[in-house]
Structures are given as structure tokens and as C-alpha cells.
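Understanding the architecture of this molecule
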Amino acid sequence: MPENGKISIRQFTILVMLVTIGDSILILPSISSSFAKQDTWISGIIGLLVGLIAVYIFSALGNLYPKLTLIQAIQKILGKWFGTLVAALFLLFPLITIVTFTREMGDFITTEMMAETPTLAIQILFTCIVIFAVRLGLEVFARTGEIFLPCIILLFLLLVIFLIPQAEFEKLLPILENGIKPVIHGSFSFIAYPFLELVVFLMIFPYINQVRLIRKGFLQGALLGGLVLIILVVISILVLGADETARTIYPSYSLARRISIGLFFERVEAMVALLWMLTIFMKSTFYFYVFNLGLAQLLKLKGYRMLTLPTGFLIIVLSPIISPNITYYNNLLAEYLPYYDVTCYLLFPVFLLVIHFIKNRFKSSPDT
Amino acid sequence: MLSIMGILVIVTVIIAIDVPPLWRKKLKKELWAFSILLLFGTVLGLAQALKLKIPNPLDWVIAVYKPLSDMVDIWLK
């Protein structure tokens, strides 16, 4: 067994919430509102509802094999050889996703805060922390999430409360100007990035203390994280307006820049930026952990810790290959990655569930 | 040249950190997995340092989903 730790249901819920917020807090408002304009909050609500259904499907899959991680469950459902092949292909998804996270982190810091630092330097530092956290194990970074949570909530409340004086409710009007279609288009990224990417939590189901409460904790965490994202989208439209939200790459950072209370409480954006640095850190750490754990289980290794440094190196090397420039990357995020996420993270678990039920029917039919 | 040196130094450090404990415990399979991953990373890194053109896997993702994305764009205009 590569992992011996156990986490409580509370830590699990907090992890789900932080991973839901993850990098979405930084990039989602802009992508979603480039389609849905001032109705992005409706997209958000659609996204949350569909996302919760998706989470329910994930937990249904997880509850079939509560003692197995996703990789082992795939091997069990699809048989040894085909299962191993599919599991290996599945591991590519978290790998690509972590590479995009490191890319986002580097792009964010170099475009907004430290313009003269090479992106690579920031990516290397960031990946080093992620590797460090993953080497310490699941229990440790679950507790890290618990410790960071008050800090994250405080920063988020700070951001929202200090911006309320600048909110203009006319910016939400007219509602459904171009009909429902753009709103649905905007909800795609709202479903894909925060919620569908939660499927990797199936990898830690065996390491949670109370099996019965998993579904409840999973749904609660996703709901809380989704609410945070919807509030953020609403506040960015109220303060920045739909056009500016869609035009800026990082609307949450532009929001933080607007904070100004009585001409003395200003320029706090770097402090507020800590909010998404922490959530992106948690999400990348979790994905990196899942990738290493999955690889170790796939190859039946004794532990996953010796894989972390080579995979970390691989991620740093891959990140300039995967997105040559920021325009390419943003276009990818808006137009193509949601569909990729739907295929890998939603259709794939549904496919597994269907195979499982077909198999069971054939198995049980001779007995009856 | 400097970047190649840098990559080699990093690879040496990674080997120095992780290989001795694995070697002592004689974990062969783990050593293999470690070496293949590291070799893959090193080759990619060196190729980048030499400014070779490396195919971007996300270009394939775009190629696969482009018809669907275009269709949705027209449909949800």
C-alpha cells in the first residue's frame, strides 16, 4: 500500500471545497463572462446544479468500491490488461492538468506582479513547494488545508466586503439580453473547471475514515466551493461590469486592485492574491499527489515518494511545451478544454458505471 | 550551454536525493520507474534547451475538439 494515512471527513470536505475553488477563482469569471456577459451568475447557478449532479455520480462510482482507489477500481471493472491500459491513459489527465496549473501560476505572477522575473523561475519555486507537500503525505496536506481555511475565508470576506461600496446593481441589467443560449455556453466552463475536475477525489476514497459520510461531505464541499465562485462572479460583474470582466485575464486581481477605503486602505491586492495562491497550491498539490499515487499503484510500487522529484521535473519541462504563449492558453481554456474535461472527467466515470452494471447483470442472471 | 548545464545539475541533485535509499533497500522496480520518468524529463528538457521543436499534446486536444467546439459556437450563438 503506497499510502498509509487516513483523513477525517471534515478534512475531506475542506479539501473538496478548496480544490473546487482552486484555479477557477482566478480564471473562471473571465472565461465564463466572455460568453454570458452580465448573466454569468445564471451560468454559475446552472454550473453549480449540474456540478452537484456530477459529484453525485462520482460518489456513486466511489461507493461501489469504497476500499479501492480509482486506478484499482478501473482495473477491477475492465479486467487486468484493458484496465491497466485505460488506467494509464487516465493518468495522463491529471498530468496535463497539473502542467496547466503551474503554467497559470507562472503566467499570473509574471503578468501581474513580477513582470521581469522569468516564468520558469516562479514555476520551479512553485513546483518545489508542491513536491515538498506531496512527499509529506495526504494527512499532512489535508491538515494544511484545515489550517489555511480560516485564512482563505477571511481573505475572501475581506475582498467581498470592501468592494460592496463600489457595487452598482444596474450592471446586472438587462437580464437574459440575448436569450438563454449564451448563458448555457458560459456555463460549460463553469461546470468543467471547478466541478468535473473533482473526479480525482475518487483516488482517496479508501483513505477516508467514515465511509458512510463520504457522499455528504463531497456534496457539501462542492456546494461551498461553488457558492464562493458564484459570489466572486457576481461581485466582479457588479464592480467591474461584464465587459471588463471578460476582457481582463484575471478579474479577481483587478477586483482586488479596486479596493480603496478612505484613501488609506489601498494597494492590498498582493495580500488578497494570497487567497488564490493558497487555493491553487492546494489544487496542484492534490492533483500531483493523485498522479504520483496513481502511477505507483498502476506499477504496483511500494511507495510513491520516489516518483515525486522526477515527475516534478517533468512538469516543469512540460509547461513551456504545453502552452507557447498566454493567448494560445486562454483560447484553449475558453474554447476547447471544457469539452476535454467533459470527456475525461464525466463521460469516463459514467462509462465505468455502465460497464459495472452490465457486468453485474450478466454475472447475476445465471443465478436467478 | 548554460541551460544544459543547469538541467544536468538538477538531474544529478534529484538522483543524489532519491537513488541511495532505493539502492540500499534493493527496490528494483521502483528504481526502474524512477529512472524512466527522469530520463523522459531530461530528454524533453535537453530538447528544449537545444531549441528543438517538440509537438504540443494540447494541439492534438484542439484538433480533436475543434469540430465540436465550432458546432457549439454556431449553435449557441
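Thresholds, definitions, all that
Residues numbered from 1 in each chain as written. Chains lettered and ligands numbered in written order. Predicted model: local features only at pLDDT ≥ 70, side-chain atom pairs only at ≥ 80, totals over all residues. Heavy atoms only, no water. Helix = DSSP H or I, 4+ residues; strand = E, 2+ residues; numbered from the N terminus. Rg over C-alpha atoms; globule rule 2.2 N^0.38 Å. Contact = heavy atoms within 4.5 Å. Areas by Shrake-Rupley, 256 points an atom, 1.4 Å probe, with all protein chains shown as cover. Patch = residues over 30% accessible without salt bridge, like charges linked within 9 Å, V, L, I, M, F, W, Y side chains within 5 Å. Salt bridge = Lys/Arg side-chain N within 4 Å of Asp/Glu carboxyl O. UniProt positions renumbered as here; feature names shortened; annotations may be inferred. 1 Å grid on protein atoms, 1.4 Å probe; cavity = no way out; pocket = protein on both sides within 12 Å on 5 of 7 lines; lining within 4 Å. Points joined across faces, edges and corners; volume = space filled by probe spheres on them. Nonpolar A, V, L, I, M, F, W, Y, C, P; charged D, E, K, R; others polar. Core = buried A, V, L, I, M, F, W, Y, C linked by side-chain atoms within 4.5 Å. Buried < 20%, exposed > 50% of the residue type's maximum accessible area, 1.4 Å probe, protein only. Expected span 1.5 Å × (residues − 1). Bend = angle between axes of the 7 residues up to and from the residue. Axes fitted to C-alpha atoms, helices over the stretch in contact; angles between N-to-C directions. Parallel < 35°, antiparallel > 145°, perpendicular 65-115°, else oblique. Left-handed = near helix turned anticlockwise from the far one by under 90°.

Focus on the overall build of chain A
A tally of regular secondary structure across chain A gives 15 helices and two strands. Radius of gyration (C-alpha) of chain A: 21 Å, near the 21 Å computed for a compact globule of 368 residues. Taken along the three principal axes of its C-alpha coordinates, chain A extends 70 × 45 × 40 Å. In chain A, the proportion of contacts linking residues at least 24 apart, taken out of those at least 6 apart, comes to 84%. On chain A, roughly 14,400 Å² of surface is accessible, and the fraction owed to carbon and sulfur atoms is 70%.

Points about a nonpolar patch on the surface
Taken together, the side chains of A:Leu173, A:Ile175, A:Leu176, A:Ile180 and A:Ile184 make up a nonpolar region of the molecular surface, amounting to roughly 420 Å² of accessible area. With respect to the helices and strands, the residue A:Leu176 is situated in the loop between helix H7 (138-163) and helix H8 (181-192).

With respect to the UniProt feature "transmembrane region" (unreviewed entry) in chain B
All names here are of chain B. UniProt annotation of "transmembrane region" (unreviewed entry) refers to residues 6-24 and 31-50 when read in the numbering used here. Helix makes up 100% of residues 6-24 and strand 0%. Its end C-alpha atoms lie 28 Å apart. As annotated, residues 31-50 has a helix share of 95% and a strand share of 0%, and its two end C-alpha atoms lie 28 Å apart.

Remarks on empty space enclosed by the protein
Residue and element names in this part refer to chain A. The full count for this structure, using the stated rule, is two cavities of 30 Å³ or more. Surrounding the largest cavity, 14 residues form its lining, Thr-97, Thr-100, Tyr-193, Glu-197 and Leu-337 being those nearest its centre. Secondary-structure elements contributing two or more residues to the lining of the largest cavity are helix H5 (80-113), helix H14 (326-335) and helix H15 (337-364). If you tally residues by element for the lining of the largest cavity, the top one is H5, at five residues. Among the residues forming the lining of the largest cavity, the class breakdown is eight nonpolar, two polar and four charged. In this structure, the second largest cavity encloses a volume near 60 Å³.

Some points on the nonpolar core
Nonpolar side chains in soluble globular proteins tend to be buried together. Residues and elements named next belong to chain A. Among the nonpolar cores identified, the biggest contains 155 residues, and Phe-12, Phe-201, Trp-276 and Tyr-289 are the most heavily contacted of them. A total of 18 residues in this core trace back to one element, the largest contributor, which is helix H12 (residues 269-298). Contacts of Trp-276, omitting those with residues within four sequence positions, involve Ile-25, Leu-26, Phe-108, Ser-252, Tyr-253 and Ala-256.

Focus: helix H1 (residues 2-25) of chain B
All names here are of chain B. For H1, spanning 24 residues, the distance from its first C-alpha to its last is 35 Å, which sits close to the expected 34 Å at 1.5 Å a residue. Where H1 bends most, at Val-19, the angle is about 35°, and the proline Pro-20 comes one to four residues later. Considered for burial, the residues of H1 that qualify are Ile-4, Ile-7, Val-11, Ile-14, Asp-18, Val-19 and Leu-22. Within two residues after H1, Lys-26 carries a phi angle of roughly 55°, on the positive side.

Description of the layout of surface pockets
Put simply, the largest pocket is a space of about 880 Å³. Considering the residues around the largest pocket, the lining is formed by 32 residues, among which A:Ala88, A:Leu89, A:Leu92, A:Leu95 and A:Ile96 are closest to the centre. Where the lining of the largest pocket is concerned, the elements lending two or more residues are H5, H12, helix H13 (305-322) and H15 of chain A together with helix H2 (28-49) and helix H3 (57-75) of chain B. If one sorts the elements of the lining of the largest pocket by residue count, H5(A) sits on top with nine residues. Among the residues forming the lining of the largest pocket, the class breakdown is 31 nonpolar, one polar and no charged. For the second largest pocket, the calculated volume is near 590 Å³. A:Ile124, A:Phe313, A:Ile316, A:Val317 and B:Ile10 are the residues nearest the centre of the second largest pocket, which is lined by 23 residues in total. Put simply, the parts of the chain that give the lining of the second largest pocket at least two residues each are helix H6 (119-136) and H13 of chain A together with H1 and H2 of chain B. Residue contributions to the lining of the second largest pocket peak at seven residues, all from H1(B).

Description of the packing of H12(A) against H13(A)
Residues and elements named next belong to chain A. In the contact formed by H12 and H13, the axes pass within 10 Å of each other and the chain directions differ by 125°. The orientation of H12 with respect to H13, classified from their angle, is oblique. In this structure, H12 crosses over H13, and the sense of that crossing is right-handed. Contacts between H12 and H13 involve Phe-288, Phe-291, Asn-292, Leu-295 and Ala-296 from the former and Leu-307, Thr-308, Thr-311, Gly-312 and Ile-315 from the latter. Looking at the contact of H12 with H13 residue by residue, the class counts come to six nonpolar, four polar and no charged.

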